[in-house]
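For reference, the chains in residue letters:
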Amino acid sequence: MKISQSLPRPENWQDFESLCKKLWGEVWNCAEIKKNGRSGQNQAGIDVYGIPKGEISYFGIQCKGKDEYTNKQLLEKEINEEIEKAKNFEPSLKKMYFATTAVKDVVAETVIRKKNIEHLKQGIFEVHLYSWEDIVDLIFENKTTYDYYLNSQTFKKSQSVNVTFKNGETEMTVNPKFLQKIRVARTKYEEMEQQAKELMPDWIIKMADSHWITPEIFSTSFSYSPKQTEFNRSFFDSTILVTNNGSEPLEHWKLTLSLPEDIIEISYKNCEKKGSYIITGLKNVHFDTFINSESNIITIEPRKKILVGDDTFQSETLFFKPIPKDSSIRIPWKLVSKGFKEEGFLTLHIEPKIESERIKVDDNSSLLLDEEKRITIEDFFETIDDD
C-alpha cells in the first residue's frame, strides 16, 4: 500500500522555479544547473537547464505554476507551444521536463506520452511530465532538497509540520538484540552428573561447586540484594518529535501513528528496577502520549494546546519491539489541528542482532523433536548494577 505524502506548494511561481532548480540539481547530481536567462527574455521554452552527471547533452525544465495560483490544469495547446519553443533551445536538448504545481491529470499525461513517442521516432528530445504529487515524491527521495524546502523561509506556508524520530530524521536504523536459545542433548556423563546432584543435599552441592568448605554453607538466610536495573534490549527508543515549521501556530493539534504488524509490542519503558530500596505501588501517569496496544496505535495529544512556529514538541519516551528479522517498515502518521491537517510516514530499518545460547536437555526430551521448541528466539535482557 502506498503511503500518502504531501507538502505545501511554494507561494509563487518564482519560488517554484527555485525549487525545481534545487531538486533536479540533486536528482541529476549537477552542481552547474542554472535558471535560463531572466524574466522577459526569450527562454526557448526552458526555465532551468543542466547536464546530468554521466551525460553529454543538456536537459531542460519548463516550470508551470498552476492550480493554487491559477486554478487551471496544463492544457494540450500550452504543452505544444512550449515544446515548439524548446526546439529552438541551443544546443539541442536530450530531454525536456514539464514541472507543474497542478495535480495529476490523465489528459495532460496522455498528451505528454504521445508527444514523447512521437519525438523518439523523430530522433529529437524526450518529453516528460511531473505534476505536484510526482514532485513531492522526488522531494521525499532527495534529502538535501527536502531539508532545504522545509527549512527555507521562502517556502513556508502559514501552517506546516515536520514529524521525525528523536534523531531529527524521518528514517532510522535500529539494532534490537534478541537471544536465540538452542536445545541440545546432554552427554551420558553430564546426565549422570545431573542425576547425582539431584540426589545430593544442598550443602554438599555448594561444597562441591566451591571445592572447599566455606562459611557460605553455614550462613543464615539473610542476603543483600544490590540495586540493579534490568534492561530489555529487544526494545529500542522511538520517541517522536513534532516541529511546527510554518509561520502560524498549530492549535489543539493531535498526532496519530498507526504501527504495522512488524512492531509486536509498544511500551513506555524498557527496564525494571530490582534489588534493595525498590519503591512499589507508584502508578505511571501519561499526560500527552497514549498507547493503544490492541490496535497498535499511538496518539499524541499534548496538554499544551498550541505549538508556535519553529517550536518542537517531544513525545513521552516510547519503546518499540519488532519482529526479530531484517526489515524496512513504514509508519503512517496523521496530524490534525484547528483548520489544518497533514499526513506522512516514518521509516524504520530493522537490523536485529541475535546472540545464541546452548541449553542442554535430556536426549529423550520432546524439546529436541519439535524444531519450533528446540530453537526459540526470546527477548535479550541485560542487568546492570546501579552502583
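Let me sum up the structure you'll find in this document. (Residues numbered from 1 in each chain as written. Predicted model: local features only at pLDDT ≥ 70, side-chain atom pairs only at ≥ 80, totals over all residues. Heavy atoms only, no water.)

## What about the side chain of Lys115?
Then comes step 1: Looking at the element boundaries, Lys115 is found in helix H3 (residues 106-122).
Then comes step 2: A residue is classified by how much of its surface remains accessible, and Lys115, at 15% relative accessible area, is buried.
Then comes step 3: Setting aside residues no more than four positions away along its own chain, Lys115 makes contact with Asn80 and Ile83. (Helix = DSSP H or I, 4+ residues; strand = E, 2+ residues; numbered from the N terminus. Buried < 20%, exposed > 50% of the residue type's maximum accessible area, 1.4 Å probe, protein only. Contact = heavy atoms within 4.5 Å.)

## Topic: the packing of aromatic side chains
The relative placement of two aromatic rings is captured by the distance of their centres and the angle of their planes.
Then comes step 1: Tallied over the full model, the rule gives 13 aromatic pairs.
Then comes step 2: Judged by centre distance (6.2 Å) and plane angle (25°), the rings of Phe140 and Phe345 are stacked. Taken as a pair, Phe140 in helix H4 (residues 132-141) and Phe345 in strand E22 (residues 340-350) lie far apart in primary sequence, 205 residues in all.
Then comes step 3: By relative accessible area, which is 23% here, Phe140 ends up partly exposed.
Then comes step 4: An aromatic cluster is built from Trp24, Trp28, Phe59, Tyr97 and Tyr130, whose rings are joined through pairwise contacts.
Then comes step 5: The cationic tip of Lys22 hangs over the ring face of Tyr148; the distance from NZ or CZ to the ring centre is 5.1 Å. (Phe/Tyr/Trp six-rings, centres within 6.5 Å; stacked < 30°, edge-to-face > 60°. Lys NZ or Arg CZ within 6 Å of the ring centre and 35° of its normal.)

## Describing the packing of helix H1 (residues 13-27) against H4
Then comes step 1: Close contact between H1 and H4 brings their axes to 11 Å; oriented N to C, the two are set at 50°. The angle between the axes of H1 and H4 places the two elements in the oblique class. Crossing angle aside, the handedness with which H1 passes H4 is left-handed. For the pair formed by H1 and H4, the contact residues are Phe16, Leu19, Leu23, Trp24 and Val27 on the first element and Trp132, Ile135, Leu138 and Ile139 on the second.
Then comes step 2: Of the residues assigned to the contact of H1 with H4, the class counts are nine nonpolar, no polar and no charged. (Axes fitted to C-alpha atoms, helices over the stretch in contact; angles between N-to-C directions. Parallel < 35°, antiparallel > 145°, perpendicular 65-115°, else oblique. Left-handed = near helix turned anticlockwise from the far one by under 90°. Nonpolar A, V, L, I, M, F, W, Y, C, P; charged D, E, K, R; others polar.)

## Here we look at the packing of H1 against helix H5 (residues 143-151)
Each packed pair of helices is defined by two parameters, the angle between the axes and the distance between the axes.
Then comes step 1: For the pair H1 and H5, the least separation of the axes is 8 Å and the interaxial angle reads 155°. One finds that H1 runs roughly antiparallel with respect to H5. Counting all contacts with H1, which are made through Ser18, Leu19, Lys22, Leu23 and Glu26, the residues of H5 involved are Lys143, Thr144, Thr145, Tyr148 and Tyr149.
Then comes step 2: Taken together, the residues of the contact of H1 with H5 sort by class into four nonpolar, three polar and three charged.

## Observations regarding unusual backbone geometry
Then comes step 1: A cis geometry characterises the amide bond from Glu90 onward to Pro91, with omega recorded as -10°.
Then comes step 2: In this structure, Pro91 sits in the loop between helix H2 (76-86) and strand E4 (93-100).
Then comes step 3: Here the phi dihedral of Asn296 falls at roughly 55°; this positive angle occurs in a residue that is not glycine.
Then comes step 4: Of note in the backbone geometry, Asp310 takes a positive phi value of approximately 70° without being a glycine.
Then comes step 5: Structurally, Asp310 can be placed in the loop between strand E18 (306-307) and strand E19 (312-314).
Then comes step 6: Among the residues examined, Asp310 registers a relative accessible area of 55% and is labelled exposed.

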